[in-house]
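Each chain, letter by letter, is given below.
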Amino acid sequence: MSRRVCVIGIGHTDFNSITPDVEWKELMYESCQKAYVDAGVDPRKDIDSFITCAEDYLEGFSIFDEFVPDQIGAVLRPCCTVCGDGLYGLGTAYMQIKTGLMDVVSVESHSKISDLLTLGDILLHAFDPVFERPVTGPVERPRYGGSPEYTKEDPKPLVGSTKEKQRVHPYFLAGMEMQDYLRTSGTTEEECAEVVVKNKMNAFFNPLADYEAKISIDNVMGSEYLFSPLKRLDISPNVDGAITFVLAEEKTAKELGVDPIYLSGFGWSSETPWLSTRGMSADYATKSSQMAYKMAGITNPRKQLDIVEVDDRFSYKELQHLEAIGLARPGEAGQMLMEGELAKDGAIPTNMSGGSLGIGNCFEATGMQKALEIITQLRGHAAKRQVADAEVGLAQAWRGIPSGSGAVAVFERGGA
Amino acid sequence: MAKKIEGSPGYAPGTRVSTKDIVQKKISYSWWEPEVQYSWSMGQAMSKFIMGLKDGKILGRTCIKCDRVLVPPRMFCEYCYGPTDNWIELKDTGSIETYSISYLDSDARRIKDPILIGVISIDGASPQHGFMHYFGEMTKEEIHIGMKVKAVWKAPKDREGAITDIKYFKPLKGGGKK
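Novice: An account of the overall build of chain B is needed here, citing residue identities and associated values.
Specialist: Counting its secondary structure elements, chain B contains two helices and eight strands. Along its sequence from the N terminus, chain B presents helices and strands in the succession α-α-β-β-β-β-β-β-β-β. Here the C-alpha atoms of chain B give a radius of gyration of 23 Å, more than 25% beyond the 16 Å that 2.2 N^0.38 yields for 178 residues. Counting across all 178 residues of chain B, residues that qualify as buried make up 37%.

Below, the structure is given as structure tokens:
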């Protein structure tokens, strides 16, 4: 098993809050085409296997995998869809290459979340129907727009729920977890707010980011509570976009003459789905990082990792994940942040891309967004946000509400 | 639990569950009607195509490299993976590639009048490029593979920019004979 797996091409679209000008296929085509050109491969000849990562319900298609071959160059070729975060697709590609089954594999994931009009309800559908879903409502809400008696002049809205009674938005789960995290770790709401300030500031230096902002802790603390203790600015806004990687076995990469970035470690893990039973401290991240560290030969992650991207779809998640993967002692990530240790010139530069708070929540492409930043940094192409001498980087993914699943990938610059 | 009858063919009579059993909660089940709504952006290719239908036109995209005319149109060619090149207007005639006479609805109940449905290669497009659509003005005895057909359009005022702006395909005059 001496075969080594590396990333030889990356491609992505812009990230935008809405993308009414293109359909999801065209979004996928753009990112794939860019990745194939970046790697210098012709997908119709040189790529052995194609992987996409998508969730049918988010896409709005049953058996979504049937819809992908055309736009990724995979017609009548080995192709499959992983129902999960894009990082799981990287893991699948890793295995296909490592085993010798394939030499060149492409991995695509995207978000076209602006097509989905009832996200809250779709996520509630992921709650256990007997034990948990009944405790999410219905709840009454204030009436908007006066009487529900619709007329021709004031018609019933075509989109969104028109019911007077709705269920609670499932993001309350993050509020619950944050509550627990603040209590057990001693982290403060202000420290979580600083995550937002940092990431939205980092986003200014990432042309991909759609939600950059120069704000202070006061702005975050002053934004309204949505799922206490989570406030509006603690929550990453949604975004559309697509990301594609081309991976290859080392020898093939050298033949293509590209500068490879090695995928040296990979791990993944899933919690029990029972909301009342499972841990609140991102054990999925701990387990998946341990697996990845072992594979990559990392014994002291704090010392050996030069840059990390961790899931920050909710502000506290960044701090919680840093502690879970062993980059901060329990309860110390907030302090490290305040002392500047997570900045570009700090001990552990974290979410230099702007993260999900600065770029937006890319749903199933979130892990790939993290990996994209690590590859860009290890290639030395991150311009103003470039971390000096970045040799080893980590991307961590969480599958989002209401999941307790995640993955970790470790990347190294050539020769390491 | 029904008693399994041994032997072949394997058959277990089971216990019938009626709507009453469900409504009276004699069996355990959970019920949920999710609120699921999407509004998909149609994108570059389909938007133009759909607007064409509204004008009573069938539009295709060409791939110069592969010498193909693509219907439905797309902005990329899935064979060579390059971008497609030009829009062209096609005739609204074609021939039946294959068909089926469908007697059941999606709930597997028998429908009154069987539906004639199939795929049509549109004249001027590459082989096997065209529509899946209904057939009309023909009997199930008359329909056959290779039959020449023509689109029957909705009146212009009723068209809304949808694949159903074509109501069905009928036999082309003089082309309907076996």
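There's more to say after this.
Novice: Give a detailed account of the packing of aromatic side chains, specifying residues and quantitative values.
Specialist: If you walk through the whole model with that rule in mind, you get 19 aromatic pairs over all chains. Centroid distance Phe131(A) to Trp274(A): 5.6 Å. Interplanar angle 80°. Geometry classified as edge-to-face. Of this pair, Phe131(A) sits in the loop between helix H5 (119-124) and strand E5 (139-140) while Trp274(A) sits in the loop between strand E10 (261-270) and helix H10 (283-296), and the two are 143 residues apart along the sequence. According to the relative accessible area criterion, Trp274(A) is partly exposed, its value standing at 37%. The rings of Trp24(A), Phe61(A), Phe64(A), Phe67(A), Tyr38(B) and Trp40(B) are connected pair by pair, giving a single aromatic cluster. In this structure, Arg133(A) packs its charged tip against the face of Trp32(B), placed 4.6 Å from the ring centre.

Novice: Which residues make up the side chain of Glu26(A), and what are the values?
Specialist: Mapped onto the elements, Glu26(A) comes out in helix H1 (residues 24-39). Buried charge without a partner: Glu26(A) forms no salt bridge, and the closest opposite charge is Lys112(A), 8.1 Å away. Excluding residues that lie within four positions of it along the chain, Glu26(A) makes contacts with Asp21(A), Gly43(B), Gln44(B), Ala45(B), Met75(B) and Phe76(B).

Novice: Lay out the nonpolar core in plain terms, naming residues and giving numbers.
Specialist: Residue and element names in this part refer to chain A. Counting residues in hydrophobic clusters, the biggest one holds 58 residues, and the most contacted among them are Tyr171, Leu305, Phe314 and Val410. Taken together, the elements giving at least two residues each to this core come down to H5, helix H6 (172-185), helix H7 (189-202), H10, helix H12 (315-324), helix H13 (333-338), strand E12 (392-398) and strand E13 (405-413). Leaving out residues up to four positions away in the same chain, phenylalanine 314 has contacts with Tyr171, Ala174, Leu230, Asp234, Ile235, Trp398 and Ile401. Formed by 44 residues, the second largest nonpolar core is a distinct cluster that contains Val7, Phe15, Leu372 and Ile375.

Novice: Lay out the environment of Thr188(A) with the relevant residues and their values.
Specialist: Examined against the element boundaries, Thr188(A) turns out to sit in the loop between H6 and H7. The exposure class assigned to Thr188(A) is partly exposed, which follows from its relative accessible area of 33%.

Novice: Describe the interface of chain A and chain B, and please don't skip the residues or the numbers.
Specialist: The interface is formed by 45 residues belonging to chain A together with 23 residues belonging to chain B. Summed over both sides, the interface between chain A and chain B buries roughly 2600 Å², with carbon and sulfur atoms accounting for 55% of that surface. Here chain A and chain B share one salt bridge between them. We note a salt bridge from Arg74(B) to Asp70(A), for which the minimum N-O separation is 3.8 Å. Taken together, the links from chain A to chain B amount to 17 residue pairs in polar contact (both at pLDDT 80 or more). The greatest single-element share of the side of chain A that touches chain B, amounting to seven residues, is contributed by H1(A). Its residues assigned to classes, the side of chain A that touches chain B shows 20 nonpolar, eleven polar and 14 charged.

Novice: So, the state of the cysteines: which residues are in play, and what are the values?
Specialist: Residues and elements named next belong to chain A. Evaluation of the coordinates by the stated rule reveals zero disulfides over all chains. No disulfide involves cysteine 83; its sulfur sits 9.4 Å from that of cysteine 53, the nearest cysteine. We note that cysteine 362 lacks a disulfide partner, and the nearest cysteine sulfur, in cysteine 53, lies 13 Å from it. On the basis of relative accessible area, cysteine 362 is assigned to the buried category, the value being 1%.

Novice: So what about helix H4 (residues 86-98) of chain A? Which residues, and what values?
Specialist: All names here are of chain A. The end-to-end C-alpha separation of H4 is 18 Å, in line with the 18 Å expected for 13 residues at 1.5 Å each. The element H4 is extensively covered by neighbouring structure, given that eleven of its 13 residues are classed as buried. Along H4, the residues that are buried comprise Gly86, Leu87, Tyr88, Gly89, Leu90, Gly91, Ala93, Tyr94, Gln96, Ile97 and Lys98. Backbone geometry just after H4 places glycine 100 at a positive phi near 90°.

Novice: Help me get a handle on the packing of H7(A) against H12(A), residues and values and all.
Specialist: Residues and elements named next belong to chain A. H12 packs onto H7 with a crossing angle of 100° between their chain directions and a minimal axis gap of 7 Å. The angle between the axes of H7 and H12 places the two elements in the roughly perpendicular class. Contacts from Glu191, Cys192, Val195, Val196, Lys198 and Asn199 in H7 reach Ser315, Tyr316, Glu318 and Leu319 in H12. For the contact of H7 with H12, the per-class residue count stands at five nonpolar, two polar and three charged.

Novice: Explain the pattern of salt bridges to me, and be specific about the residues and the numbers.
Specialist: Summed over the entire model, instances satisfying the criterion amount to 26 salt bridges over all chains. A salt bridge links Arg68(B) to Glu78(B), with the shortest nitrogen-to-oxygen separation between them at 3.2 Å. Of this pair, Arg68(B) sits in strand E2 (residues 68-70) while Glu78(B) sits in the loop between E2 and strand E3 (86-90), placing them ten residues apart in sequence. Like Arg68(B), the residue Glu78(B) is buried in the burial classification. Connected through shared salt-bridge partners, Asp70(A), Arg68(B), Arg74(B) and Glu78(B) make up one network.

Novice: Go over the environment of Asn238(A) with me, naming the residues and quoting the values.
Specialist: Residues and elements named next belong to chain A. Following the sequence through the fold, asparagine 238 ends up in the loop between strand E8 (230-231) and strand E9 (241-249). By relative accessible area, which is 29% here, asparagine 238 ends up partly exposed. Sequence-wise, asparagine 238 and isoleucine 261 are 23 residues apart; in three dimensions their C-alpha atoms are separated by 29 Å. Those residues within four positions of asparagine 238 in sequence are excluded, and the remaining contacts are Ser17, Ile113, Leu119, Tyr171, Tyr211, Asn361 and Phe363.

Novice: Go over the pairing of E12(A) with me, naming the residues and quoting the values.
Specialist: All names here are of chain A. Along E12, seven of the seven residues are buried, which leaves the element largely enclosed by surrounding structure. Every second residue of E12 is oriented toward a common face, with Val392, Leu394, Gln396 and Trp398 on one face and Gly393, Ala395 and Ala397 on the other, all of them buried. Bridge analysis of strand E11 (residues 307-309) against E12 gives three bridges, and the strand direction is parallel. When the bridges of E12 are listed, valine 308 appears paired with leucine 394. Pairing between E12 and E13: seven bridges, direction antiparallel. What sits directly across from leucine 394, in E13, is valine 410. Count of turn residues in the E12/E13 antiparallel hairpin: six residues, of which glycine 400 carries a positive phi of about 90°.

Novice: Can you tell me about empty space enclosed by the protein, naming the residues and giving the values?
Specialist: One water molecule sets the probe size; rolling that probe over the atoms shows where empty space is left. Residues and elements named next belong to chain A. With the rule as written, the count across this model stands at two cavities of 30 Å³ or more. Here the largest cavity defines a volume of roughly 160 Å³. Looking at the largest cavity, it is lined by 18 residues, and the ones nearest its centre are Glu177, Arg278, Gly279, Met280 and Ser403. At the level of elements, H6 and H10 are the ones that each hand at least two residues to the lining of the largest cavity. Here the lining of the largest cavity is built from residues that sort into eleven nonpolar, three polar and four charged. Here the second largest cavity defines a volume of roughly 50 Å³. As for the second largest cavity, its lining consists of Leu58, Glu59, His110, Ser111, Lys112, Ile113, Phe363 and Glu364. Those elements giving two or more residues to the lining of the second largest cavity turn out to be helix H2 (56-59) and strand E4 (104-111). Each residue belonging to the lining of the second largest cavity can be placed in one class, and the counts come to three nonpolar, two polar and three charged.

Rules and cut-offs
- Residues numbered from 1 in each chain as written.
- Chains lettered and ligands numbered in written order.
- Predicted model: local features only at pLDDT ≥ 70, side-chain atom pairs only at ≥ 80, totals over all residues.
- Heavy atoms only, no water.
- Helix = DSSP H or I, 4+ residues; strand = E, 2+ residues; numbered from the N terminus.
- Rg over C-alpha atoms; globule rule 2.2 N^0.38 Å.
- Buried < 20%, exposed > 50% of the residue type's maximum accessible area, 1.4 Å probe, protein only.
- Phe/Tyr/Trp six-rings, centres within 6.5 Å; stacked < 30°, edge-to-face > 60°.
- Lys NZ or Arg CZ within 6 Å of the ring centre and 35° of its normal.
- Lys, Arg positive; Asp, Glu negative; His and termini not counted.
- Salt bridge = Lys/Arg side-chain N within 4 Å of Asp/Glu carboxyl O.
- Contact = heavy atoms within 4.5 Å.
- Core = buried A, V, L, I, M, F, W, Y, C linked by side-chain atoms within 4.5 Å.
- Buried area = accessible area lost by both parts, 1.4 Å probe.
- Polar contact = N/O pair within 3.5 Å; in protein donor to acceptor, adjacent residues only side chain to side chain.
- Nonpolar A, V, L, I, M, F, W, Y, C, P; charged D, E, K, R; others polar.
- Disulfide = S-S within 2.5 Å.
- Expected span 1.5 Å × (residues − 1).
- Axes fitted to C-alpha atoms, helices over the stretch in contact; angles between N-to-C directions.
- Parallel < 35°, antiparallel > 145°, perpendicular 65-115°, else oblique.
- Pairing = 2+ DSSP bridges.
- 1 Å grid on protein atoms, 1.4 Å probe; cavity = no way out; pocket = protein on both sides within 12 Å on 5 of 7 lines; lining within 4 Å.
- Points joined across faces, edges and corners; volume = space filled by probe spheres on them.

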